[in-house]
Amino acid sequence: GKLSSMVVPSTMSTIGTKAFTMTFTDENGAALEASLASLKGYEYSNVDAVLVRQAGPEIGSEFTSGKLVFRVSSALPNEVEVVGYSGKITSLDFSEAVTDGEYSYSVTAIGENAFYKCRTLTSANLGAVKVIGTKAFYGCNKLTSVEADRLVKVGIKAFAHCYALSTLDLGDSLKTICAYGFYRCESLTSFDAPSTLKTIGSYAFYKCTALGEFHSY
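Because the structure is a prediction, the values reported are computed rather than measured. (Residues numbered from 1 in each chain as written. Predicted model: local features only at pLDDT ≥ 70, side-chain atom pairs only at ≥ 80, totals over all residues. Heavy atoms only, no water.)

1. A short note on the packing of aromatic side chains
Enumeration over the complete set of coordinates arrives at 19 aromatic pairs. Aromatic pair Phe24 and Tyr44: ring centres 5.3 Å apart, planes at 85°, arrangement edge-to-face. On the criterion of sequence distance, the pair formed by Phe24 in strand 2 (residues 23-25) and Tyr44 in strand 4 (residues 42-47) is long-range, its members being 20 residues apart. Neither Phe24 nor Tyr44 differs from the other in exposure class; each is buried. Ring centres of Phe159 and Phe182 lie 5.3 Å apart, and the angle between their planes is 0°; this geometry places the pair in the stacked category. With Phe159 in the loop between strand 15 (153-154) and strand 16 (167-169) and Phe182 in the loop between strand 17 (176-177) and strand 18 (190-193), the pair connects residues that are 23 residues apart, well separated along the chain. (Phe/Tyr/Trp six-rings, centres within 6.5 Å; stacked < 30°, edge-to-face > 60°. Helix = DSSP H or I, 4+ residues; strand = E, 2+ residues; numbered from the N terminus. Buried < 20%, exposed > 50% of the residue type's maximum accessible area, 1.4 Å probe, protein only.)

Next up, the structure:
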C-alpha cells in the first residue's frame, strides 16, 4: 500500500495472476482488471491506497499533424504509425518526434497503404521507422530516395512499382524483405544488404532491370 506510483509500459509482455494486491482504477474511479491488456501504456499514482490511472495517450487513437494521419501504437514509450495523408506530399522527414497536444511520439511504422500511389512524393527520411507495411509506398512513381536507418522489415509490395527509386539507405538492422518488396523498381542500380538480412521474399527484386550490384556487408 506504500507504492507511490508505477508505470506499465506498452513493451511489457506479461502480468501474472495476482501480481498486485492493490486495486487499480481509471481516472473516474472505475475498477480496472490487474491484467496486461487493461493496464499497459499508462502511469498509476497511489491515491488513498488505490492505484489511479493518470491521463496519457490512448493506444489506437488517431490524430492529424500537418497533412499526415497518425495512429498511436504504443504509450510509454510513445510511438505512432503513419496511416494516411491528405493533399499533396512531396517529401517525408520523420527524423524528429511528432506532437499531439502535450504528447510527443516517435514514428516507428508506416502502415498498410499509407502512401499508396502517392504521385507527388519524391523523397522519404524515415528516421526511427522499423516496419514498412504492405503496399505502403506502392506506385509512388516519383519517389527517388529513401533513408531508413533503423528499418527491420519491408512489407509485401511496400515499394512495388516505384519506378524512379534509385537511392536506398536502409541502415544495418534490416531483417526481412517480403514478397514483391521492390518489384519493378526499374531505376534501382545497386542494393546494400546488411549482415542482419535473413529473408528475401519471392519476386522481391523481380523486374528491377537496372540492378547490377547486390552487396552484403
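2. Topic: the sheet that holds strand 14 (residues 145-147)
In spatial order, the strands read 9-12-14-16; together these four strands make up an open sheet with parallel pairing. Whereas interior strands pair on both sides, the edge strands pair on one side only; in this sheet they are strand 9 (91-93) and strand 16. Strand-to-strand, the axes of this sheet are offset by a mean angle of 5°, without reference to chain direction. As paired strands, strand 14 and strand 16 are joined by three bridges and run parallel to one another. Note on strand 16: the bridge partner recorded for Glu147 is Asp169. (Pairing = 2+ DSSP bridges. Axes fitted to C-alpha atoms, helices over the stretch in contact; angles between N-to-C directions.)

3. Some words on the nonpolar core
One finds Ile110, Phe137, Phe159 and Phe182 to be the most contacted residues of the largest nonpolar core, which totals 46 residues. Looking at this core, the elements with two or more residues in it are strand 7 (68-74), strand 8 (79-85), strand 11 (103-110) and strand 18. Filtering out sequence-adjacent residues up to four positions away, Phe137 remains in contact with Leu92, Ile110, Phe115, Leu121, Leu126, Ile132, Leu143, Ala158, Phe159, Ala160 and Cys162. If you look at the next biggest cluster of nonpolar residues, it comprises 11 residues, including Met6, Phe24, Leu32 and Leu51. (Core = buried A, V, L, I, M, F, W, Y, C linked by side-chain atoms within 4.5 Å. Contact = heavy atoms within 4.5 Å.)

4. Some thoughts on the pairing of strand 8
Pairing of strand 7 with strand 8, which is carried by six bridges, proceeds in the antiparallel orientation. Its bridge partner lying in strand 8, Val69 is registered against Gly84. Where strand 7 folds back onto strand 8 in an antiparallel hairpin, the turn is made up of four residues, including Leu76, whose phi is positive at roughly 55°.

5. Considering the environment of Leu121
For Leu121, the position within the fold is in the loop between strand 11 and strand 12 (123-125). When its relative accessible area of 0% is taken as the criterion, Leu121 is described as buried. Apart from residues lying up to four places away in sequence, Leu121 is in contact with Ile89, Thr90, Ser91, Leu92, Phe137, Cys140, Lys142 and Leu143.

Geometry only, nothing functional implied.
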